[in-house]
Every structure is written in C-alpha cells, then in structure tokens.
Amino acid sequence: MSSETETESNHNKMQLACPWINSSLFEELLRKDFPASDIIVHDYRLKPALARGENYASQMIRAEVNYSMNGENKQIRFIIKAALAKDALKQLSDEMKGIFYTEIAMYNDVLTKVHDLLKASGEKISFYGRCYASSRENAYLIFEDLTDRGFRNVDRRIGLDISHCKLVLSTLAKYHAATAVLVEKEPSLKKHFDQHGTVTGSDFIRKLVSNFLIAQAEFCKKQPGLEKLAEKFNIVKDTIYDRIAASCARDDNDLNVILHGDVWSNNIMFKYGDNGEVEDTVLVDFQICYYGPPVLDVTYCLYTSSHIDVSESDWDMLVQYYYEELRSTLAKLNYQKKVPSLTEFNVQIILRGMYAASMGIITQSSRMLENVSENGLADLIRDDKAEHRLNMLLNPKVIPTIIKLLKYFDRRGYYEGDDFQY
C-alpha cells in the first residue's frame, strides 16, 4: 500500500469510527479564541497520533485543519482522544470504560484550579496542555497539539535519565501539593476520584498481573541465580493482586493527593533549550487519577521509566528530591494538616510499592519493543499469548533491567509467600 493510500485509509477509518468529527466541530473550537472573526474550515485530515501499542485505552488522532480567518489561509492541529471502536473496547474490562469521565472531570474541575493555586503561591509552572472541548456522550477530549509548542516524548526505549527524572518529580511534587490543598478546600472532589483507576476491582489488571507473573517465573528459570524467584512467583501468583490492591488503598489519616495514576515516559513530554538541555515538561493522560498516597505516583514513575543507568541509590536521592519539593510547596500553599517526615515517606515507599513493582516489570518490557504494533492489548492478557509475554522479558535489550528490578523488588519482600521454603 502506498503512503498516500495508507493516509487516505487511516482518515476514512477514523472518520467512520468518529462520525461526530466534522468541519462544524473545528469551526466551533476556533471561535473559542476568535469569536468575532470570519472563520471557514475548508478541509481536515485525520491520522494516527500514536502507533498501535503506544496507547491501549483510547484512540489518539491528530487532526490537521485547513481554514481561513478573515480571508487569510491558516492551518492548526488538534489531538483528539476518543473511545476505542466497539470491537476493540470489548478487550477492556468494564471498569476502564469510565476513564473518559475521569479525565473530563480533571480538566473541568481540577487542573485549572491547581494551576491557579500554584500561580498565586509564586510558582511559575504550566504542567498540562490545553483542552479545547470534551464530551461525555461521545467519549472524547480535544487538546492542543503540544508538539507545536516544541514538546516531545523521550525515546521510550531509552527512558529518563536523572535530569529528566528530577524535572518530572519536581513538577509532580508541585501538582500533588496543590491537589492536597484543593481537596481540603473542596472536599466534594474526593467522590470523583475515590477509586484507583486500574486496581479497584479490576479483572483486567488481575489478569494482567497474573499472566505476567507466570511469564516472570519462566523468565527466572532461564536466568542463573534467579531459580528461587521462580518458586516464589508460583506461590504468590494467586494472592499478589489482592496484596497490590491493599497497597494502593487510601488511609484518610495520611497525606493524600489527586494522583496522576500513570506517570510513565509515554505520558510525559519535554521541551529542550538551544543547548539541548531539558528545560520544561508537561503531563498528559489524566484518565486514571485517584485520590490517594503520593508515593504511588513516585514509585510508578521511577520503576517504569527510569534509564538503566539510574541506580537504586539514585532512586533514593530522587525520592528525597521529590519529598523536599513536595514539603516546600505545601508550606507555600499554607497546607494545615500533618506532613509525613522523610522517614515516614520512605516507609510508605516500601509498603506501597507493590503496584509500581508489578507495572514496572510489564512497562519496562513493553517499552523496549522495537515494533510496538505487535503489542496490542490482547497480547498482554490473553492466555494464548503466553509465549509473546515471555519473549518480551527475554528481549536482550531489556534483560539487564528486568533482572535489576526483580532483585530489587525481591529485597523489598514483595514476592514473599507463607509457603516458601528457604
């Protein structure tokens, strides 16, 4: 298929799946900024914003819109996040179909208020992109195309070095602090984010964790010195999901924030200066946000996305860096409730690290694939894809990272079972 034919085919498929996309929609978006102007949309082209396998829970569409304003021809690009086609949506568990409602609530009720709180405290930070429109009925959100402002993702196969990690964790700490203050001011917000977006009662995550644990056991059998880990995985495979869910449960006596819930490299974009140094970052994909302990976001980011050269001792340093940014921002925002000490925070890192540990193994093996089109949602959970999951772990480019993580998590005691014989 020629590139021109493929482009036309992609456009037609997306138009068929999203019949509500039309010229009138784009004219309405443009008039939000230029209400008094004479605007005519001449044509638009839809294309995938991400490759298959880069995003599991939604369609990501880039719309290139050609229009004229007051007689002058112009072009603008939007990113449309839409529900999966119905046949694909069946692969998602029922509890994940509400992710659009969560993200719409974040943009309508939370993010602007968080930005305003930080701005009033003197923090000059813009940590999210503009949302032009959303619809609960048709399950979509329409965003600015952040690449037009110079933001881009790092190569997912490389991961985040220390400078990138520090920038993300600083941004995350300020966002977390402001959400803690916001919920104190508006406690009714809790009900919008009362359940962990992927863990609470999730058959999908239960299946995902269980199947990868089986793959991890087979992986360890092939790695000298890891054979006992394989035994541990076989013992805990039926109970580990419940332990993960318990580790994510909120304690209302502790510091809680509105978690992003999915802070990994594909959901973080960066801007670079003329010298090539990273200078700014934004978060995207606020679809599984949850009101809970901030350590869940911190461990998830570090375990899923850090570069292989970022060591365990670097993680300790980065946790302290995040903590100091969090505590400083809470003080600026005049947060009145108890803030945990660094020691207490590190205890929480250990006690609540199991979810991030499980997702770290899965995400690290996924992001090292050369051809992500081979890694659809079904490949992660279907019983007949066991060989594919094992091969993900046996990818030579990810083996050192997987071994490093498994040994680290084993030292944390995450794979202990009552029946294991030492």
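Just checking my understanding: could you explain the overall build of the protein for this structure?
Looking only at helices and strands, the protein has 15 helices and nine strands in total. Taken along its principal axes, the extent of the C-alpha atoms in the protein is 80 × 55 × 45 Å. Across the 422 residues in the protein, those meeting the buried criterion constitute 55%. Put simply, of all contacts in the protein between residues at least 6 apart along the chain, 75% involve residues at least 24 apart.

Quick question: what am I supposed to make of empty space enclosed by the protein here?
Which parts of space are left empty comes out when a probe the size of a water molecule is rolled across the atoms. This model, assessed by the stated rule, comprises two cavities of 30 Å³ or more. Counted as a void, the largest cavity has a volume near 80 Å³. In terms of lining, the largest cavity is formed by Val209, Phe212, Leu213, Gln216, Ile240, Met354, Ala357, Ser358, Ile361, Ile362, Tyr414 and Tyr415. When contributions to the lining of the largest cavity are tallied by element, the ones reaching two or more residues are α6 (203–221) and α12 (354–367). Looking at the lining of the largest cavity, the element that brings in the most residues is α12, giving five residues. Of the residues assigned to the lining of the largest cavity, the class counts are 10 nonpolar, two polar and no charged. When its volume is computed, the second largest cavity comes out at roughly 50 Å³. Surrounding the second largest cavity, His196, Leu259, Gly261, Ile288, Tyr290, Leu296, Asp297, Tyr300 and Tyr355 form its lining. Counting residues per element, the lining of the second largest cavity draws most heavily on helix α9 (residues 295–305), which supplies three residues.

Help me understand helix α8 (residues 240–248), please; the structure alone is not making it clear to me.
Think of an α-helix as turning once every 3.6 residues; residues three or four places apart then point the same way. The complete set of buried residues in α8 reads Ile240, Tyr241, Ile244, Ser247 and Cys248. The buried side chains of α8 occupy one side of the element, clustering within an arc of 120° when seen end-on. Buried residues in α8 make contact with α6, α7 (227–236), β9 (290–292), α9, α11 (342–351) and α12.

Just checking my understanding: could you explain the environment of Tyr140 for this structure?
The residue Tyr140 is located in strand β5 (residues 140–144) in this model. For Tyr140, a relative accessible area of 9% puts it in the buried group. Placed 135 residues apart in sequence, Tyr140 and Asn275 show a C-alpha to C-alpha distance of 37 Å. If sequence neighbours within four positions are ignored, Tyr140 has contacts with Trp20, Leu25, Lys81, Ala82, Phe100, Ile104, Ala133, Ser134 and Ser135.

I would appreciate a short explanation of the pattern of salt bridges in the present structure.
Close approach of charged atoms allows side chains with opposite charge to pair. Here the structure, examined in full by the defined rule, presents 27 salt bridges. Two residues, Arg250 and Asp252, come together in a salt bridge whose shortest N-O distance is 2.8 Å. By relative accessible area, which is 22% here, Arg250 ends up partly exposed. Under the relative-accessibility criterion, Asp252 is labelled partly exposed at 46%. Salt bridges linked by common partners bring Arg62, Arg77, Asp145 and Asp148 together as one network.

Help me understand the packing of aromatic side chains, please; the structure alone is not making it clear to me.
Two aromatic rings are characterised by how far apart their centres lie and by the angle between their planes. One pass over the structure, following the stated rule, counts 20 aromatic pairs. Judged by centre distance (6.1 Å) and plane angle (70°), the ring pair of Tyr303 and Tyr408 falls under edge-to-face. With Tyr303 in helix α9 and Tyr408 in helix α15 (residues 399–411), this pair connects stretches of sequence that are 105 residues apart. Exposure remark for Tyr303: the relative accessible area of 2% places this residue in the buried category.

Before we go on, may I ask you to explain the sheet that holds strand β2 (residues 59–69) in this structure?
The strands making up a sheet associate through hydrogen bonds between their backbones, and the pairing can be parallel or antiparallel. Taken in spatial order, the five strands of this open sheet run β1-β2-β3-β5-β4, and their pairing is antiparallel. Since the sheet does not close on itself, it has two edges, and those belong to β1 (39–48) and β4 (131–135), each with one partner. Pairs of neighbouring strands in the sheet enclose a mean axial angle of 25°, with direction left out of account. The pairing of β2 with strand β3 (residues 72–82) spans 11 bridges and is classified as antiparallel. Within β3, the residue paired with Arg62 across the bridge is Ile79. The sheet contacts of helix α2 (residues 23–31) involve β1, β2, β3, β4 and β5, and relative to β1 the element is tilted by about 110°. Running at roughly 45° to β5, helix α4 (residues 99–120) makes contact with β3, β4 and β5 of the sheet.

Sorry, what's going on with the pairing of strand β7 (residues 268–272) here?
Consecutive side chains of a regular strand alternate in pointing toward one face of the sheet and then the other. When you tally the buried positions in β7, you get four out of five residues, the bulk of the element. Bridging between β7 and strand β8 (residues 278–283) involves five bridges; their strand directions are antiparallel. Within β8, the residue paired with Phe270 across the bridge is Thr281. Joining the antiparallel neighbours β7 and β8 is a turn of five residues, in which Gly276 adopts a positive phi near 85°.

When you look at the side chain of Ser365 in this model, what are you seeing that I'm missing?
Inspection of the secondary structure assignment puts Ser365 in helix α12. In this structure the side chain of Ser365 is engaged in a polar contact, spanning 2.8 Å, whose partner is the backbone oxygen of Ile362. Apart from residues no more than four positions distant in its own chain, Ser365 is found in contact with Phe212, Met392, Leu393, Val398 and Ile402.

Hey, could you run me through the environment of Val41 in this one?
Within the element layout of this structure, Val41 appears in strand β1. Ignoring sequence-local partners within four residues, the contact set of Val41 consists of Ser23, Phe26, Glu27, Leu30, Val65, Asn66 and Tyr67.

Definitions and limits used
Residues numbered from 1 in each chain as written. Predicted model: local features only at pLDDT ≥ 70, side-chain atom pairs only at ≥ 80, totals over all residues. Heavy atoms only, no water. Helix = DSSP H or I, 4+ residues; strand = E, 2+ residues; numbered from the N terminus. Buried < 20%, exposed > 50% of the residue type's maximum accessible area, 1.4 Å probe, protein only. Contact = heavy atoms within 4.5 Å. 1 Å grid on protein atoms, 1.4 Å probe; cavity = no way out; pocket = protein on both sides within 12 Å on 5 of 7 lines; lining within 4 Å. Points joined across faces, edges and corners; volume = space filled by probe spheres on them. Nonpolar A, V, L, I, M, F, W, Y, C, P; charged D, E, K, R; others polar. Arc of directions from axis to C-beta. Salt bridge = Lys/Arg side-chain N within 4 Å of Asp/Glu carboxyl O. Phe/Tyr/Trp six-rings, centres within 6.5 Å; stacked < 30°, edge-to-face > 60°. Pairing = 2+ DSSP bridges. Axes fitted to C-alpha atoms, helices over the stretch in contact; angles between N-to-C directions. Polar contact = N/O pair within 3.5 Å; in protein donor to acceptor, adjacent residues only side chain to side chain.

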